[in-house]
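Chains, contacts and geometry: an overview
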Amino acid sequence: MSKAFSIRVQQSGAEFSCDADDTVLRAGLRAGVGLSYECNVGGCGTCKFDLVEGEVQTLWEEAPGLNPRDRQRGRLLGCQCVPLTDCVIKPMIVDDQFVPVDAPRRFFGELVAIRDLTHDIREFVFKDDQAADFRPGQYALLHLPGVEGPRAYSMSNIRNADGHWEFIIRKVPNGAGTAALFDLKVGDRIEIDGPYGLAFLRTDVTRTVVCIGGGSGLAPMLSIARGLVAEPGMQDVKLKFFYGARGPQDLCGEDELKALPGFGDRLEFLPALSDADAAAAGGWSGAVGFIHEQVKAQIPTDQLQECEFYTCGPPVMINAVMQMLGGELKVSPDRIHYDSFV
Ligand SMILES: Cc1cc2nc3c(=O)[nH]c(=O)nc-3n(C[C@H](O)[C@H](O)[C@H](O)COP(=O)(O)OP(=O)(O)OC[C@H]3O[C@@H](n4cnc5c(N)ncnc54)[C@H](O)[C@@H]3O)c2cc1C
Ligand code: FES
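Below: a short report on this structure. Given the structure is predicted, the values throughout are model-derived calculations rather than measurements.

**Focus on the sheet that holds strand β11 (residues 151-154)**
- With antiparallel pairing, the six strands of this open sheet are ordered in space as β11-β10-β13-β8-β9-β12. Lying at the two open borders of the sheet, with one neighbouring strand each, are β11 and β12 (164-170). Across the sheet, the axes of successive neighbouring strands diverge by a mean angle of 40°, strand direction being ignored.
- Here six bridges tie strand β8 (residues 105-116) to strand β9 (residues 121-127), and the two strands are oriented antiparallel to one another. In the sheet register, Asp116 faces β9, and the bridge partner there is Arg122.
- Its contacts with the sheet place helix α3 (residues 176-183) against β9, β10 (139-143), β11 and β12, and it is angled at close to 125° to β12.
- Along the sheet face, helix α4 (residues 218-230) touches β11 and β12 and points at about 140° away from the line of β12.

Right, here's the structure in full:
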């Protein structure tokens, strides 16, 4: 069994145990302590902390979540540090909104099914012995053979007693993690750690839900849609599902949405292609342009301000969506839930 150390949060006095092979952030969340985070993979910097006492080891020295000023001040990333001794830490933010509803746990999942959705997007289904407990829109960390550091992937399904964790993943050219993933065979087992993430479906909201996904951001949006139709208290809630892809060969998601009750009625699929030449060459007669522009073009401004938004995808898309919703249209920030794929 791995050795464990005690970590104390200076501001709140909360104390938790962290295994020597676990990160300070994840061990805190497992223990129900509200430490701030977003990406969990060293990219965003939301988990920064000062080390007040003790020693830690940094797993990824060059992680982009720290800027030169942070490094000069000796700041560290909770998602990239494992303890070497008992520690006292001072996180930038300690807030109850980060206390997980379902505590993340580590387990080995067996790959039980693989399905190609496009030429470079694939669905992976892993099975665990225990029920899969997570909220629609959350993500997990996948530890892949021979790859430094885990990779974050959003689940595309919803909680289930069968122990199924489903992911929709785009193969990134020269990406170390996706290369290892796309080499996995049915029957292989990998370590999975989750759930994480705050961009999950708010089930007490009855406003129209607008999902905005781009490319590999399909998975959590599909999970939100599946969660919404399964939620007894949301049966009257409308869903507008915007999905942006480059060309016709990159488009997916419609078959999965069609399988849901209410498709074509309270549930609309609104795709757009951003590459006008590829769209024309492929005989595409639907919308062309960036997906955030489609949202504005297809929903009147006064209605947009009355919707609940979930968005997920590459940082450039998230920035454009945030600029439009928060900046231009002044949608209240508590109605916009997003994960940026740093
Ligand atoms: C919250 C979240 C959810 C995501 N969900 C999805 C999804 O549903 N589908 C999807 O296709 N993609 C998703 N991504 C993107 C995904 O995590 C990967 O970034 C992407 O697949 C590229 O990985 P790669 O290893 O192939 O590329 P690479 O370029 O090899 O790796 C990029 C990623 O690895 C991390 N990394 C690189 N080097 C190291 C190192 N030495 N130590 C530790 N970490 C390192 C980086 O932070 C970055 O996240 C998500 C990302 C985030 C943050
Ligand atoms: S949560 Fe640690 S850098 Fe993003």
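**Some points on the environment of Glu166**
- If you trace the backbone, Glu166 turns up in strand β12.
- Here Glu166 is in contact with Glu123, Phe124, Val125, Ser154, Met155, Ser156, Asn157 and Arg226, once residues within four sequence places are set aside.

**Here we look at the layout of surface pockets**
- Looking at the second largest pocket, its volume works out to about 540 Å³.
- Taken together, the elements giving at least two residues each to the lining of the second largest pocket come down to β13 (189-196) and β19 (336-340).
- With four residues, the top contributor of residues to the lining of the second largest pocket is β19.
- Class assignment for the residues of the lining of the second largest pocket results in 14 nonpolar, five polar and six charged.

**Overview of helix α7 (residues 291-298)**
- Those residues of α7 not exposed but buried are Ile291, His292, Gln294 and Val295. Along the axis of α7, the buried residues cluster in a sector spanning 155°; they form a single face.
- Where α7 is buried, its residues meet β14 (209-214), β15 (239-245), β16 (267-273), β17 (287-288), α8 (301-304) and α9 (315-328).

**Some points on the sheet that holds β14**
- Read from one edge of the open sheet, six strands run β17-β16-β15-β14-β18-β19, paired in parallel fashion. Edge positions in the sheet fall to β17 and β19, since each has one partner strand and no second.
- Across five bridges, β14 lies against strand β18 (residues 308-313) in parallel orientation. Looking at β18, one finds that Gly213 is bridged to Cys312.
- Against the sheet, α7 makes contact with β14, β15, β16 and β17, and its axis sits at roughly 145° relative to β15, the strand it touches most.

**Here's the deal with the site of ligand 1**
- The immediate surroundings of ligand 1 are formed by 23 residues, with Arg151, Ala152, Tyr153, Gly177 and Thr178 found nearest.
- Note that a nitrogen atom of ligand 1 is positioned 3.5 Å from one of the side-chain N or O atoms of Trp60.
- Here Ile168 contributes a backbone N or O atom positioned 3.1 Å from a nitrogen atom of ligand 1.
- Here ligand 1, which alone exposes 940 Å², has 84% of that area covered by the protein.

**Here's the deal with the environment of Asn319**
- Summarising the element assignment, Asn319 is placed in helix α9.
- Once the C-alpha coordinates of Asn319 and Lys240 are considered, the two residues, 79 residues apart in sequence, prove to be 20 Å apart.

**Thoughts on the packing of aromatic side chains**
- Summed over the entire model, instances satisfying the criterion amount to eight aromatic pairs.
- Where Tyr37 meets Phe98, the ring centres are 6.2 Å apart and the plane angle is 55°; that geometry is what we call tilted. Placement of Tyr37 in the loop between α1 (24-30) and β3 (48-53) and of Phe98 in the loop between β7 (87-91) and β8 is noted, with a sequence separation of 61 residues between them.
- Judged by centre distance (6.1 Å) and plane angle (35°), the rings of Tyr139 and Tyr196 are tilted. You can see Tyr139 sitting in strand β10 and its partner Tyr196 sitting in strand β13, a full 57 residues away along the chain. The pair Tyr139 / Tyr196 is uniform in exposure class, with both members buried.
- Every member of this aromatic cluster is reached through a ring pair, and the members are Tyr37, Phe98, Tyr139 and Tyr196.
- Sitting over the ring of Phe200, Arg135 keeps its end group 4.6 Å from the ring centre.
- Positioned over the ring face of Phe200 is Arg202, at 4.2 Å from the centre of the ring.

Reading the values: rules and limits
Residues numbered from 1 in each chain as written. Chains lettered and ligands numbered in written order. Predicted model: local features only at pLDDT ≥ 70, side-chain atom pairs only at ≥ 80, totals over all residues. Heavy atoms only, no water. Pairing = 2+ DSSP bridges. Helix = DSSP H or I, 4+ residues; strand = E, 2+ residues; numbered from the N terminus. Axes fitted to C-alpha atoms, helices over the stretch in contact; angles between N-to-C directions. Contact = heavy atoms within 4.5 Å. 1 Å grid on protein atoms, 1.4 Å probe; cavity = no way out; pocket = protein on both sides within 12 Å on 5 of 7 lines; lining within 4 Å. Points joined across faces, edges and corners; volume = space filled by probe spheres on them. Nonpolar A, V, L, I, M, F, W, Y, C, P; charged D, E, K, R; others polar. Buried < 20%, exposed > 50% of the residue type's maximum accessible area, 1.4 Å probe, protein only. Arc of directions from axis to C-beta. Near = heavy atom within 4 Å. Polar contact = N/O pair within 3.5 Å; in protein donor to acceptor, adjacent residues only side chain to side chain. Areas by Shrake-Rupley, 256 points an atom, 1.4 Å probe, with all protein chains shown as cover. Phe/Tyr/Trp six-rings, centres within 6.5 Å; stacked < 30°, edge-to-face > 60°. Lys NZ or Arg CZ within 6 Å of the ring centre and 35° of its normal.

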